[in-house]
Amino acid sequence: MKIRKEPARPPRRRANAGPPKPGLSLKGSGLVYVATTGADIRGPSRRGAGVYAWDTRHLSTYEVRPRQGRLHQLSAEVLPDGAFLHYELGKLRIARRIRVDSAIADQWSIENPGPGVATFEADVTVDADFRDLFEVRRVKRTTKGQREPAAANGHRLVFRYTAVDGVKQSTDILAPVDAWQTGDGPARGRVAVRVSPGDRRSIEIDIHVHSTLTTPIVADRDWVAWQRTATKFASDSPDLDAWIARSSLDLFLLSDMTTDGFFPSAGIPWFVAPFGRDSIMTALMTLPLRRDLAPAVLRVLSDNQGTRDVPERDEEPGRISHEIRQGEIVRTGGAFGTPYYGSVDATPLFVWLAAESARWMPERDIIGEFEPNIRAALEWMEKRGDRDGDLFIEFERKSKTGIENQVWKDSHDSYLNAKGKRPDGPIAAVEVQAYAIAALRSLAEVVAKRDPAWSAELAARAEAIRQKFERAFWMPARSFYAQALDGRKRLIPDIVSNPGHVLWVGAATPAHGRAAARRLRQPDLASGWGIRTRSSRSKHYGPVSYHNGSVWPHDTAFAAAGMARYGDKAGAARTIAEMLATAKAFPDWRIPELFGGQPKRPGVWPTRYPVACVPLAWSAAATFLCIRTMLGLSVGPDGDRVTLDPLLPDGINRFEASDLRVGTGKVDIRIERKRGRASVTDVQATGVSVTVS
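Residues numbered from 1 in each chain as written. Predicted model: local features only at pLDDT ≥ 70, side-chain atom pairs only at ≥ 80, totals over all residues. Heavy atoms only, no water.

Colleague: Describe the overall build of the protein chain, and please don't skip the residues or the numbers.
Modeller: What the protein chain contains, in helices and strands, is 14 helices and 30 strands. Relative to a compact globule of 693 residues, whose C-alpha radius of gyration would be 26 Å, the protein chain shows 26 Å and is just as compact. By principal-axis analysis of the C-alpha atoms, the protein chain measures approximately 80 × 60 × 50 Å. The buried share of the protein chain, taken over its 693 residues, is 60%. Look at the contacts in the protein chain between residues 6 or more apart in sequence, and 65% of them connect residues 24 or more apart. On the protein chain, roughly 26400 Å² of surface is accessible, and the fraction owed to carbon and sulfur atoms is 49%. (Helix = DSSP H or I, 4+ residues; strand = E, 2+ residues; numbered from the N terminus. Rg over C-alpha atoms; globule rule 2.2 N^0.38 Å. Buried < 20%, exposed > 50% of the residue type's maximum accessible area, 1.4 Å probe, protein only. Contact = heavy atoms within 4.5 Å. Areas by Shrake-Rupley, 256 points an atom, 1.4 Å probe, with all protein chains shown as cover.)

Colleague: Tell me about the sheet that holds strand β28 (residues 665–674), residues and numbers included.
Modeller: The four strands are arranged β17-β27-β28-β29 in an open sheet whose pairing can be described as antiparallel. Every other strand in the sheet has two partners, leaving β17 (232–235) and β29 (677–686) as the edge strands with one partner each. Neighbour-to-neighbour, the strand axes of the sheet open up by a mean angle of 15°, direction not taken into account. One ladder, built from four bridges, connects β17 with strand β27 (residues 654–662); its direction is antiparallel. Note on β27: the bridge partner recorded for Ser235 is Phe655. Along the sheet, helix α14 (residues 617–631) makes contact with β17, β27 and β28, crossing β27 at roughly 105°. (Pairing = 2+ DSSP bridges. Axes fitted to C-alpha atoms, helices over the stretch in contact; angles between N-to-C directions.)

Colleague: Help me get a handle on the packing of helix α6 (residues 346–360) against helix α7 (residues 366–385), residues and values and all.
Modeller: The contact between α6 and α7 brings their axes to 9 Å, and the two run at 155°. Our classification of the angle between α6 and α7 gives roughly antiparallel. Both α6 and α7 take part in a crossing whose hand is left-handed. Packed against α6, whose contacting residues are Thr347, Pro348, Phe350, Val351, Ala354, Ala355, Ser357 and Ala358, the element α7 presents Ile366, Ile367, Asn373, Ile374, Ala377, Leu378, Trp380 and Met381 at the interface. (Parallel < 35°, antiparallel > 145°, perpendicular 65-115°, else oblique. Left-handed = near helix turned anticlockwise from the far one by under 90°.)

Colleague: Break down the side chain of Ser442 for me, citing the residues and quoting the values.
Modeller: Residue placement: Ser442 occurs in helix α8 (residues 430–446). Here Arg359 takes part through its side chain, which lies 3.3 Å from a polar atom of the side chain of Ser442. When residues no more than four places from it in sequence are discounted, the contact partners of Ser442 are Trp352, Ala355, Glu356 and Arg359. (Polar contact = N/O pair within 3.5 Å; in protein donor to acceptor, adjacent residues only side chain to side chain.)

Colleague: If you had to explain the packing of helix α2 (residues 238–254) against α14 to someone new, which residues and values would you point to?
Modeller: Where α2 contacts α14, the axes come no closer than 8 Å and their chain directions differ by 135°. When the axes of α2 and α14 are compared, the pair comes out oblique. Like other packed secondary-structure pairs, α2 and α14 cross with a definite hand, here left-handed. Of α14, the residues touching α2 (which contributes Leu240, Trp243, Ile244, Ser247, Ser248, Asp250, Leu251 and Leu254) are Ala617, Ala620, Ala621, Thr623, Phe624, Cys626, Ile627 and Met630. Taken together, the residues that form the contact of α2 with α14 break down as twelve nonpolar, three polar and one charged. (Nonpolar A, V, L, I, M, F, W, Y, C, P; charged D, E, K, R; others polar.)

Colleague: Describe the sheet that holds strand β30 (residues 689–692), with residues and values.
Modeller: Reading across the sheet, the three strands line up as β25-β26-β30 and stay open at both edges, with mixed pairing between neighbours. Only two strands of the sheet have a single neighbouring strand rather than two, namely β25 (634–635) and β30. Bridging between β25 and strand β26 (residues 641–644) involves two bridges; their strand directions are antiparallel. Looking across to β26, one finds that Ser634 is bridged to Thr643.

Quick look at the structure:
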C-alpha cells in the first residue's frame, strides 16, 4: 500500500459522548488486524479479536504491556494503512504506528520530555491458535489439525500449524526481546529501552503470516489515488462531511485492487471474503462515489459463476456465488463448500448491476463483456430459480449444512409464521421478485439499441412478473407488501422492512409505492435511528435480534431511496437525517453492521450489537446511496442523460458534488435550500446532458 498523506481528521467529539469504542478493525492486502481500541489482542476471544489471513486466525493473543505503570491512551486514529495511537506512561510520551499490508509493522516511539533517564520496559505476549474463522465464536474447536509448539531463535518466534488436508500455516514474530519464553500457553518476551532526557527511542515488532494456500495477486492500494479519482462532496454540515469521509475510508480499507478496479470485501472480522450479494449491493450504492467497484465485482463473480449441479454447495449452472472462503472447515467438508452458492438474490442482483453499470460506464461495453454470464444468470432465474414455473424465484437449500434462508435476512428465525415456526418452503421473498423485475427492466432498456428482440423479451417478462407480483404480495388491508410466500403460496404477512427494497428498485406501482412509503415511516418501523427490520408491534419483535427488530443502515438507506422515488421526499429527508444522527452517535462516524431497534430517546444512544462487523461495506456504501437520494440522480439507458430531483435533510442547507463521473461525462452539482425547498442552484456538465426536475 502506498500512502502519501494521512486522511483529514474529523471534528473532535465531546468526552464520553456516545457508546464505548468498539476497537480497531484494520485491513491490508489479505491481512486483518482486530483488537481493542488500545490495539491489544486479548485472547483467545470469541468476539473476533485476532490477526487473520486465509480465513484463519494467525494470532489469537498479542499484547505489549509495561512492567511498571499502565499505558494511558490519549487517542487512536484509523488510517488508510493502519492506525496511529498515542499514550502516556508516567512522564513518557509514546506514539505507536501500526502498519497493515501483507505484513504488520508495530512501531513504538518513546519520548522522554522530562529530566532524568527513563526506562520503557514491557512484556510482549503472543499466541496463535490457528482457528478457522467459522469456529472463532464457538466454545469447542472442531478442526483437528496439528499445532506445533512455538519455536524461538534469537529475536524470532514462529508458530506453525498443519491442517488435516495438509495445508501449512505459520506466523513469524520478530521483536527486540532478550529471549522468547515458550512452553504451554502464550510465548513471552521482554523489550526495554533507556531514554535520555529530551531523547526519543524506537521499538519495532514485525508480524508475518505464511500459508501454502495460493494468495491472489493484487496491486498496491493507493489512498491518494482513491481520493483523487473519487467524487468530491462538501456541505455546510461538519457532521455530514465527517460521515462521508469515514465511509469513503472504510470502503477503501475493505477493498482490494484488481485489474478491473476495487473489489470490496463484506466486513471485518467475519466477512473478509468475496460475497455475491454484499459486493453487488455495495457496488450499486457506491456508484456516486466511484464507478470502478462495479466492473471488479462483475468480473470476480463471473469468474466464479456456477457451471454444474453440486447440491452440497447449492451450485447450479448460471447461479452467482454467495461467498468464497479459504478456511479449513470449508476445505475439508465441515460446512458448505467453496465457492458456496446459497444466495437466491445474488443472481438477479448481478444482472441488475451489469445493466446499471452499462448506464454509468457506457465507454466500457459492460453488456458485451459479460453477456454470456448475464444470459446464464437470466436462464437460472427463469428455470432453476423459479422452481415451479409461477414466475417467482424461490429458495430452499439442498444441503443440511447450507444456509436455510438464502436472502439478505439469512438468520434462522427471520421467516416466521403465526406460530413462531419457519414456514415450509420453497419460499419466495418479496425483495427477490423486485430485484428480478428491476434487473429485467433495466437490462431491457440498455440493450434496446443493440438487440431490440432481446429487449422486448426482457421487458415482457418483467411486466408479467410485475403484474403477478402485485396480485400475490400486496396486502390491501395493511397497505403494504407481505414478506414472502411460503411453499403453498400463502402470505407470510408480518410487517417487515423488506418492502423498502421494492420501492428502492422501483418495482411497485405508483399507488402501492406511495402507500408503502408512508407505512415505512410509521413509528413501529421507524425507530428514530433508522428503519427496523421487523415491526415493534409484531409478536416476533426483538430489538437486539439479528433480523427481527434491529436496524441495518443499508436497509434504512434503501427505504429512504424508495420513499424519495415514490414522492415522499419529506420521509426520505427525515430518514437520512436519522442516519446522520446515528453516524454521529457511534465512534468516528462509523455505523456498524447493525444495532438495536429501541426507540430513540433523549440522552440514550443506540444499542450496540455485540458481534457486529465494523466496518461493513453495506454500512459504508449506504452513505453514498443517501447522497444519490439527496441528489435525486437518475441516469438514462445510454448514459447521455442525467436527471436531478434533489432533497436536503434538516440541518443541511448546502450540498455539493464535484467531479462526479456518470454516464458519458462528468458533472458538478450544488444544491441549496431556498425558501424551505431544496433546489439545484448550479450545474456544470461535460459530455452529458442534465435535466432538473
